[in-house]
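# A look at the structure
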Protein chains: 2
Amino acid sequence: MQYIKEIVGKLKDIRNKKTLFVLVIATTDISLIPGITIAGATPELTHFTPAADAEFLLLGKCKSINTIPVTPDGIPTPAIITRAALELFKIPKLVVNAGSRVIPKLPVIDLGGEPGGDIRKGSLRIEVAQRILENSMILGEELSKSYDLLVIGESIPAGTTTAMAVLAGLGYDALDKVSSASPQNPKELKRRIVMEALRDLPTDTFGKISKLSDPMLIAVAGLSIGFKKEVILAGGTQMAAASAIIKELSKETLNNVTIATTRWIVEDPSSDIKYLAEQVGVSVVASMLDFSSSKYEGLKVYERGYVKEGVGAGGASTLALANGYTPNDILKKVEEIYSQLVNIS
Amino acid sequence: MQYIKEIVGKLKDIRNKKTLFVLVIATTDISLIPGITIAGATPELTHFTPAADAEFLLLGKCKSINTIPVTPDGIPTPAIITRAALELFKIPKLVVNAGSRVIPKLPVIDLGGEPGGDIRKGSLRIEVAQRILENSMILGEELSKSYDLLVIGESIPAGTTTAMAVLAGLGYDALDKVSSASPQNPKELKRRIVMEALRDLPTDTFGKISKLSDPMLIAVAGLSIGFKKEVILAGGTQMAAASAIIKELSKETLNNVTIATTRWIVEDPSSDIKYLAEQVGVSVVASMLDFSSSKYEGLKVYERGYVKEGVGAGGASTLALANGYTPNDILKKVEEIYSQLVNIS
């Protein structure tokens with residue numbers, strides 16, 4: 001496990017298990033606020049990003065938009081890392097829609113959710129949040145009949161802002177601690193939105209969660225609770241918020257859960273996943289990927305803090321590393337996929 | 001295999017395989033024609049039957065309606081047989097929505113389809129039929145990474161009429177050969193609807209299928225084609241129509257496919273699954289269930305030709321019998337479930 005770094009707690013043995021990778025997608029209207037996220041070429045396009053990520057992950061091409069999701073600077077989605085890592089050893093993948101404005105042109109497991117609204121007014125009605133939770137728990141339980149390890153990734157632009165809101169709303173010291181897909185984390189803007197969302201908060205826990213959470217976080221919590229066996233939360237600081245929801249609803253589930261993220265998240269000076277995870281009480285490990293030697297500028301910029309994580313990149317690469325592949329194997333595969341994309345577009 | 005009868009071809013070895021049961025649900029507006037189906041207490045309620053069947057199969061209770069689906073006489077859905085058979089040995093289950101007016105309150109895999117319209121005017125637009133086919137093939141392929149045997153059941157009221165239309169439209173001698181959930185098969189009515197639907201038929205195969213097929217048949221065909229390994233089509237004469245679609249689109253897939261139905265279908269004097277399957281060239285086996293000794297009238301009537309099949313009852317019971325359970329084990333479990341239902345309602 002020389003390429004996996006233990007940040008909080010220890011990595012459990014995740015080798016050679018019957019594994020399923022699930023990508024949970026959702027949207028939040030927070031991503032429409034200019035400047036909040038770079039997970040899409042324009043604020044409006046951020047609502048297409050989760051669908052396009054799902055399509056790229058499963059099919060190797062997008063159908064809902066013409067190219068793969070990129071930042072305004074043209075840097076590609078981390079879905080290429082996830083696809084590369086999972087292609088190395090043929091892990092089955094399913095897409096779960098927790099509530100998205102754009103539905104991928106793919107078979108998608110629908111949880112009967114709805115897109116997340118603006119958390120300043122209230123993200124989800126209680127009954128919608130409840131339905132997402134119930135259905136994701138049912139799904140997790142059903143999947144546990146076939147698999148021993150569930151790796152859960154996410155795609156939701158502006159998800160770090162809703163994550164900050166959930167963590168702060170549940171009483172954690174989280175302001176300015178969540179990361180960003182941008183090297184210039186727009187902390188002021190995030191903090192202002194979150195502070196406004198925290199006003200007039202319901203007093204009960206589930207009321208707070210419904211107001212502040214995006215649909216993805218609730219679905220990730222429900223899947224983890226229903227699955228009962230080993231769970232890898234494949235993501236960055238957002239997964240600390242998912243873990244906080246798990247802790248509120250089913251504390252013992254946290255024993256089965258490990259956050260697996262990328263080196264770029266744990267080394268990010270603008271956020272602090274270690275501090276967040278320690279507060280919640282969830283383990284964190286990181287895949288020690290290194291793109292500095294890549295021949296592609298679009299990949300090298302990961303080393304300068306662009307993108308960092310998403311679409312389960314950290315968890316998928318951790319899984320590959322745990323099963324004997326090296327960071328270089330992953331980079332080679334990523335470059336292979338990236339070169340095809342560059343040639344196509 | 002003494003309790004499984006081979007009707008056409010031979011049963012393959014389906015014991016101890018990594019198995020998934022998938023229920024494909026859909027609706028067709030044909031079920032709204034009074035007298036065409038008894039799969040619902042009223043014509044309007046038939047559109048709730050697939051959702052309620054799915055809920056009952058997975059959860060043991062319905063959410064979309066207050067009781068389980070029943071015929072106008074109060075005879076319960078065959079989903080109780082499927083649930084009983086699969087409970088005997090813990091087979092994972094997933095629900096696939098190919099196009100239903102009512103969505104189950106459950107996690108459901110959505111294929112991006114639409115409910116089937118009236119086949120006399122045209123059931124599905126070509127692009128919708130194409131989307132159902134493509135997405136079901138993708139799903140089948142993804143599932144083949146985790147499972148070696150796919151058992152596919154269906155729930156769609158009036159599905160035997162659309163099945164008859166597809167078979168006749170593709171050139172098979174099928175008029176009056178499909179079965180019915182009623183002991184009084186409404187053959188005249190079905191034939192009249194099908195004859196009208198066959199007028200002004202497109203000349204190309206997929207155009208014919210889009211006009212005549214319900215969404216379920218196309219999804220079952222796509223799943224089978226994508227899966228590539230062993231497939232059990234768990235149903236009656238409708239599955240001969242699904243097989244006919246498979247034959248048009250991927251003839252070699254038929255070698256992996258076996259229809260597994262109930263004794264009540266193969267002994268039905270009002271239909272002829274053997275003749276249909278021989279024409280298409282697909283194997284058929286039947287589970288030799290016997291409810292004549294049941295203490296419940298609602299189950300005994302299966303022996304008088306009520307219900308007969310549906311929600312994968314034949315295939316699920318065949319699977320249980322192949323894995324060493326007896327018809328009496330299944331009846332006991334069915335009675336246990338049935339008695340709870342009777343006590344609840």
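Going by an unreviewed UniProt entry, chain A carries the name UPF0284 protein D1868_09235 and comes from Stygiolobus azoricus. As stated in UniProt under Sequence similarities (unreviewed entry), the record for chain A gives "Belongs to the UPF0284 family."

Moving on, we come to the relation of the copies chain B and chain A. Superposition record for chain B on chain A: RMSD 0.0 Å, screw rotation 180°, translation along axis 0.0 Å. Taken together, the turn and the small shift mark the pair as related by a two-fold rotation axis. Proximity to the rotation axis, assessed at the C-alpha, singles out B:Ile109 in chain B; its C-alpha lies 1.9 Å from the axis.

To continue, consider unusual backbone geometry. Residues other than glycine seldom take positive phi values, yet B:Lys228 does so here, at roughly 75°. Relative to the helices and strands, B:Lys228 is located in the loop between α7 (215–227) and β6 (230–234).

On to the UniProt feature "transmembrane region" (unreviewed entry) in chain A, then. Residues annotated by UniProt as "transmembrane region" (unreviewed entry) correspond here to residues 20–41 of chain A. Strand forms 32% of residues 20–41 of chain A and helix 0%; the C-alpha atoms that close the span are 30 Å apart.

What follows is about the nonpolar core. Among the nonpolar cores identified, the biggest contains 147 residues, and A:Val24, A:Leu143, A:Leu167, B:Val24 and B:Leu167 are the most heavily contacted of them. Once residues within four sequence positions are removed from consideration, B:Val24 is found in contact with B:Val96, B:Ala98, B:Ile152, B:Gly153, B:Glu154, B:Ser155, B:Met216, B:Ala219, B:Val220 and B:Leu223.

Every contact between the two is made by 22 residues of chain B and, on the other side, 22 residues of chain A. Roughly 1900 Å² is buried in total at the junction of chain B and chain A, and carbon and sulfur atoms are behind 60% of that figure. Three residues stand out in chain B for area buried against chain A, namely B:Pro107, B:Ile138 and B:Glu142, and they jointly supply 26% of the buried area on that side. Summed over the shared surface of chain B and chain A, the result is two salt bridges. Looking at the side of chain B that touches chain A, the elements with two or more residues in it are α1 (49–59), β3 (93–99), β4 (108–110) and α3 (126–143) of chain B. With three bridges connecting them, strand β4 (residues 108–110) of chain A and β4(B) associate as antiparallel partners. By the bridge assignment for β4(B), A:Val108 is matched with B:Asp110.

Turning next to α1(B). The buried fraction of α1(B) is high, at 10 of 11 residues. Buried within α1(B) we find B:Thr49, B:Pro50, B:Ala51, B:Ala52, B:Asp53, B:Ala54, B:Glu55, B:Phe56, B:Leu57 and B:Leu58.

On to the pattern of salt bridges, then. All names here are of chain B. Counting across every chain of the model gives 40 salt bridges over all chains. Put simply, Lys12 and Glu230 hold a salt bridge, and the shortest N to O gap is 3.8 Å. Within this pair, whereas Lys12 is found in the loop between β1 (4–8) and β2 (19–26), its partner Glu230 is found in strand β6, the two being separated by 218 residues in sequence. Residue classification places Lys12 among the partly exposed residues on the basis of a relative accessible area of 28%. Its relative accessible area of 16% is what places Glu230 among the buried residues. Measuring nitrogen to oxygen at the nearest pair gives 3.6 Å for the salt bridge that ties Arg304 to Glu297.

Two descriptors summarise a pair of aromatic rings, namely the distance from one centre to the other and the angle between the planes of the rings. The tally for this structure, following the rule as stated, stands at 11 aromatic pairs over all chains. When the centroid spacing of 5.5 Å and the interplanar angle of 65° are considered together, the rings of A:Phe291 and A:Tyr302 count as edge-to-face. On the criterion of sequence distance, the pair formed by A:Phe291 in the loop between β8 (283–287) and α11 (297–300) and A:Tyr302 in the loop between α11 and α12 (313–322) is long-range, its members being 11 residues apart. Judged by relative accessible area, which is 1%, A:Tyr302 ranks as buried. Ring geometry for B:Tyr296 versus B:Tyr338: centroids 5.0 Å apart, planes at 65°, classification edge-to-face.

The next subject is the packing of α3(B) against α7(B). Residue and element names in this part refer to chain B. Where α3 contacts α7, the two axes come as close as 7 Å, and the packing angle between them is 35°. Crossing handedness for the pair α3 and α7: right-handed. Contacts between α3 and α7 pair Ala129, Ile132, Leu133, Ser136, Met137, Leu139, Gly140, Glu141 and Leu143 from the former with Pro215, Ile218, Ala219, Gly222, Leu223, Ile225, Gly226 and Phe227 from the latter. Of the residues contributing to the contact of α3 with α7, the split by class is 12 nonpolar, four polar and one charged.

Bringing the pairing of strand β5 (residues 149–155) of chain A into the picture now. Residue and element names in this part refer to chain A. Within β5, seven of the seven residues are buried, leaving the element largely enclosed by the surrounding structure. Side-chain alternation along β5 places Leu149, Val151, Gly153 and Ser155 on one buried face and Leu150, Ile152 and Glu154 on a second face that is also buried. With seven bridges joining them, strand β2 (residues 19–26) and β5 adopt parallel strand pairing. In the strand pairing of β5, Val24 is matched with Glu154. Judged from the five bridges that link them, β5 and strand β6 (residues 230–234) form a sheet pairing that is parallel. Counted as the bridge partner of Leu150 is Val231 from β6.

Turning next to the side chain of A:Ser100. Residues and elements named next belong to chain A. Inspection of the secondary structure puts Ser100 in the loop between β3 (93–99) and β4. Looking at Ser100, its side chain comes within polar contact range of the main-chain nitrogen of Ala26, at 3.5 Å. Each residue touching Ser100, except ones within four places of it in the same chain, is listed here: Ile25, Ala26, Thr27 and Pro115.

Our focus in this paragraph is the pairing of strand β7 (residues 257–262) of chain B. Residues and elements named next belong to chain B. Along β7, six of the six residues are buried, which leaves the element largely enclosed by surrounding structure. In this fold, the crossover linking β6 to β7 by way of helix α8 (residues 237–249) has right-handed handedness. As paired elements, β7 and strand β8 (residues 283–287) share five bridges and run parallel to each other. Residue pairing for β8: Thr262 is matched across the bridge by Ser287.

Residues and elements named next belong to chain B. Counted at 1.5 Å a residue, the expected span for helix α5 (residues 187–198) with its 12 residues is 16 Å, and the 16 Å between its end C-alpha atoms agrees. Within the span of α5, buried status applies to Leu189, Lys190, Ile193, Val194 and Ala197. For α5, the arc enclosing every buried residue in end-on projection is 125°, short of the 170-degree limit, so these residues lie on one face. Facing away from the buried side of α5 by more than 90 degrees, the exposed set consists of Glu188 and Arg192. Where the residues of α5 are buried, they touch α4 (159–169) and α6 (205–212). The first or second residue beyond α5 is Asp200, which carries a positive phi of 50°.

About the thresholds
Residues numbered from 1 in each chain as written. Chains lettered and ligands numbered in written order. Predicted model: local features only at pLDDT ≥ 70, side-chain atom pairs only at ≥ 80, totals over all residues. Heavy atoms only, no water. UniProt positions renumbered as here; feature names shortened; annotations may be inferred. Least-squares fit on C-alpha atoms with pLDDT ≥ 70 in both. Helix = DSSP H or I, 4+ residues; strand = E, 2+ residues; numbered from the N terminus. Core = buried A, V, L, I, M, F, W, Y, C linked by side-chain atoms within 4.5 Å. Buried < 20%, exposed > 50% of the residue type's maximum accessible area, 1.4 Å probe, protein only. Contact = heavy atoms within 4.5 Å. Buried area = accessible area lost by both parts, 1.4 Å probe. Salt bridge = Lys/Arg side-chain N within 4 Å of Asp/Glu carboxyl O. Pairing = 2+ DSSP bridges. Phe/Tyr/Trp six-rings, centres within 6.5 Å; stacked < 30°, edge-to-face > 60°. Axes fitted to C-alpha atoms, helices over the stretch in contact; angles between N-to-C directions. Left-handed = near helix turned anticlockwise from the far one by under 90°. Nonpolar A, V, L, I, M, F, W, Y, C, P; charged D, E, K, R; others polar. Polar contact = N/O pair within 3.5 Å; in protein donor to acceptor, adjacent residues only side chain to side chain. Right-handed = clockwise from strand over helix to strand, strands pointing away. Expected span 1.5 Å × (residues − 1). Arc of directions from axis to C-beta.

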